Amino acid sequence: MRDNKNYALLTLIVISSLAFSLLGTRWNALYYHNEDTYTVPNIPLVTAMKAIHDGTYLSDLLGSQAFASTSFIDNDSLLFGNIAFRISETDLSAVEAMSSEIRTYSFTTTDDNYFNDACFIGDSRTVGISQYAGIENATFLCRNSLSIYDYDKKKFTYEDEKMSIREILSEKEFSKIYLMVGINECGTGTPETFFKQYKEVVADIRSLQPNALIFIQGNLLVTESKSNEDENITNENISARNKLIATLANQKDIFYIDINESRLCADGSLISDYTWDQVHIRAQYYPIWKEFLLKHAIIV
C-alpha cells in the first residue's frame with residue numbers, strides 16, 4: 001500500500017513539473033521575449049517560478065480560454081484546466097527563493113552607456129583603460145603598481161580627501177564593479193595566498209555594494225619572450241592566479257571575464273606587436289579591451 005502511495009506521489013511530482021515547464025516555456029515567449037536560454041540547471045521550470053514571482057502569469061490565466069475556466073482568480077492561486085490550487089505565502093516564498101537560487105545570467109553585447117555607473121579598480125593596465133579605451137562617465141580607482149593588498153590603504157584622493165578603495169565603496173554606490181589586479185603580486189607569496197586575500201576583498205566589495213554586479217577580470221598575459229625571461233612575471237604564474245579567481249564567479253552577481261580570450265592575445269601570450277614593453281599594450285589597442293568588455297555585459 002505504501003509503495004502505491006509513493007508511486008502516486010512520484011507521478012504527481014512528474015506531472016506537476018511537466019506542467020510548470022510547459023507554462024515556463026509559454027511565459028518565456030509571451031512575457032520575457034525569450035530572454036531565458038534553457039540549459040541545465042536553467043530549465044523552463046525556472047521561468048514559471050519567475051512568472052509566479054512577477055505576477056505576469058495572472059493575465060495569461062485570466063485571458064486564456066485554454067487555462068481559465070472561472071471568472072475570478074486571486075494573487076495566491078494557480079489555475080490548471082478546471083482545478084484551482086491555492087498557494088500559501090510560505091509556499092510562494094519557497095518558490096521565489098528557489099528561483100533566485102537557480103537564476104543565472106549569460107553575457108550579452110551592449111553599448112558604451114553600460115559604463116555610466118561602473119567603477120574600475122586596478123593597476124597600471126586599468127590606468128591605460130581609463131586613458132585610452134574611450135570609456136567615459138565611469139569611475140576609475142586605479143594606479144600604477146596597485147595590488148590586492150592595497151585595498152584598504154589610503155592611496156586615492158576622492159572628493160578632496162585621501163581615502164582607500166574600501167572607504168570610497170562605502171560612500172558611493174555603483175551598479176557594476178570591474179576588478180583587475182594580480183600581476184604585481186606575482187613576486188609575492190603564492191597563487192594560494194594571493195587568492196585568499198583576493199577572495200576576502202571580493203566578499204567585502206559584495207557586502208559594501210549589495211546591488212552591484214561584480215566583474216572579475218583575468219589578468220592580461222605578457223608576451224612569450226617576457227614570460228621566458230622573467231623569474232616572477234610569467235604566463236604560468238598569471239594563469240595560476242587567473243584560474244583561482246575565476247572560481248569566485250557564480251553567474252548570478254559575480255562574473256569572470258578573461259581578456260586573454262580577446263584579440264590582444266594568441267597562443268597563450270600577449271601579442272608582441274600590441275605592446276611597447278611586453279607587459280602593457282599600446283594606447284591605440286585599448287579600444288579592443290573596451291570592445292571585449294561590451295561583448296561581456298550582463299543585463300538583469
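Residues numbered from 1 in each chain as written. Predicted model: local features only at pLDDT ≥ 70, side-chain atom pairs only at ≥ 80, totals over all residues. Heavy atoms only, no water.

1. Quick look at the overall build of the protein chain
To be explicit about the condition: Under the DSSP-based scheme used, a helix requires at least four consecutive residues in state H or I and a strand at least two consecutive residues in state E, with every element numbered from the N terminus. Note on exposure labels: buried denotes an accessible area under 20% of the residue type's maximum, exposed denotes more than 50%, and partly exposed covers the range between, all computed with a 1.4 Å probe on protein chains only. Contacts are assigned to residue pairs with any non-hydrogen atoms lying within 4.5 Å of each other. Only the protein chains shown count as covering a residue, and every accessible area follows the Shrake-Rupley method with a 1.4 Å probe.
Secondary structure summary: the protein chain contains 10 helices and 11 strands in total. Taking all 300 residues of the protein chain together, the buried fraction comes to 45%. Considering only residue pairs separated by 6 or more positions, the protein chain has 63% of its internal contacts joining residues 24 or more positions apart. In the form shown here, the protein chain has an accessible surface area of approximately 16,000 Å², with 52% of it arising from carbon and sulfur atoms.

2. A look at the pattern of salt bridges
Threshold: Salt bridge, as used here, is a side-chain nitrogen of Lys or Arg placed within 4 Å of a carboxyl oxygen of Asp or Glu.
One pass over the structure, following the stated rule, counts 11 salt bridges. In this structure, the salt-bridge partner of Asp-150 is Lys-153, at a minimum N-O distance of 3.5 Å. Residues Lys-196 and Glu-200 are paired through a salt bridge, measuring 3.1 Å at the closest nitrogen-oxygen approach. Of this pair, Lys-196 and Glu-200 are both found in helix α7 (residues 191–208), 4 residues apart, which corresponds to roughly one turn of the helix. Residue class for Glu-200 comes out partly exposed when judged on its relative accessible area of 42%. What you see here is one network of salt bridges that share partners, running through Asp-150, Lys-153 and Lys-155.

3. Regarding α7
Put simply, the rule is: The span one expects for a helix is its residue count, reduced by one, times 1.5 Å.
The end-to-end C-alpha distance of α7, which contains 18 residues, comes to 25 Å, matching closely the 26 Å that a straight helix rising 1.5 Å per residue would cover. Residues Pro-191, Phe-194, Phe-195, Tyr-198, Val-201, Val-202, Asp-204, Ile-205 and Arg-206 constitute the buried set of α7.

4. So, the packing of aromatic side chains
The condition is simple: Any pair of Phe, Tyr and Trp rings, taking the six-membered ring for Trp, is counted once the centres come within 6.5 Å. Such a pair is stacked with planes under 30 degrees apart, edge-to-face with planes over 60 apart, and tilted for the rest. Geometrically, a charge over a ring is one whose NZ (Lys) or CZ (Arg) sits within 6 Å of the ring centre while staying within 35 degrees of the ring normal.
In this structure the tally under the stated criterion is 12 aromatic pairs. Relative to Phe-255, the ring of Phe-107 lies with its centre 6.2 Å away and its plane at 55°, an arrangement referred to as tilted. Note that Phe-107 is positioned in the loop between α4 (89–102) and β3 (118–122) and Phe-255 in strand β9 (residues 254–257), a separation of 148 residues in sequence. Judged by its relative accessible area of 29%, Phe-107 falls in the partly exposed class. Counting every residue linked through ring pairs, the aromatic cluster contains Phe-107, Tyr-114, Phe-115, Phe-120, Phe-140, Tyr-178, Phe-215 and Phe-255. Sitting over the ring of Tyr-114, Lys-176 keeps its end group 4.4 Å from the ring centre.

5. Overview of a negative patch on the surface
How we decide: For patches, a residue must show more than 30% relative accessible area and have no salt bridge; joins then use 9 Å for like charges and 5 Å for nonpolar side chains, namely Val, Leu, Ile, Met, Phe, Trp and Tyr. This count recognises Lys and Arg as positive and Asp and Glu as negative, with His and chain-terminal groups excluded. Where a charge sits is defined by one atom per residue type, namely NZ (Lys), CZ (Arg), CG (Asp) or CD (Glu).
A cluster of acidic side chains, namely Glu-159, Asp-160, Glu-161 and Glu-171, defines a negative patch on the protein surface. Residue position: Glu-171 is located in helix α6 (residues 165–171). The class of Glu-171 is exposed, set by a relative accessible area of 55%.

6. Regarding the nonpolar core
Note the cut-off: Among buried residues, the Ala, Val, Leu, Ile, Met, Phe, Trp, Tyr and Cys ones that are joined through side-chain atoms within 4.5 Å form a nonpolar core.
Formed by 32 residues in total, the largest nonpolar core has its most connected members in Tyr-114, Tyr-178, Leu-264 and Trp-289. Elements that contribute at least two residues to this core include exactly β3, α5 (124–132), β4 (139–142), β7 (176–180), β8 (213–217), β9 and α10 (286–294). Here this core gets 6 residues from one element, more than from any other, and that element is α10. When neighbours within four sequence positions are excluded, Leu-264 is seen to be in contact with Leu-220, Ile-259, Ser-269, Leu-270, Ile-271, Tyr-274, Ile-281, Tyr-285, Ile-288 and Trp-289. The next biggest cluster of nonpolar side chains, apart from the first, holds 29 residues, and it includes Ile-165, Ile-205, Ala-212 and Ile-214.

7. Structural notes on the environment of Thr-223
If you trace the backbone, Thr-223 turns up in the loop between β8 and α8 (224–229). If we skip the residues at most four places from it in the chain, Thr-223 touches Asn-235, Ser-269, Leu-270, Ser-272, Thr-275 and Gln-278.

8. Some thoughts on the packing of α5 against α10
Put simply, the test is: Fitted lines through C-alpha atoms give the axes, limited to the stretch in contact for helices. The angle between two N-to-C directions lies from 0 to 180 degrees. Every angle not falling under 35 degrees, over 145, or within 65 to 115 is termed oblique; those three ranges are roughly parallel, roughly antiparallel and roughly perpendicular. Side-chain classes are defined by residue name, with Ala, Val, Leu, Ile, Met, Phe, Trp, Tyr, Cys and Pro counting as nonpolar, Asp, Glu, Lys and Arg as charged, and the others, Gly among them, as polar.
Contact pair α5 / α10: the axes reach a minimum separation of 9 Å and the direction vectors enclose 95°. If you check the angle between α5 and α10, you find them roughly perpendicular. For the pair α5 and α10, contact is made by Ser-124, Arg-125, Gly-128, Ile-129 and Tyr-132 and by Tyr-286, Pro-287 and Trp-289, respectively. Broken down by class, the residue content of the contact of α5 with α10 amounts to 5 nonpolar, 2 polar and 1 charged.

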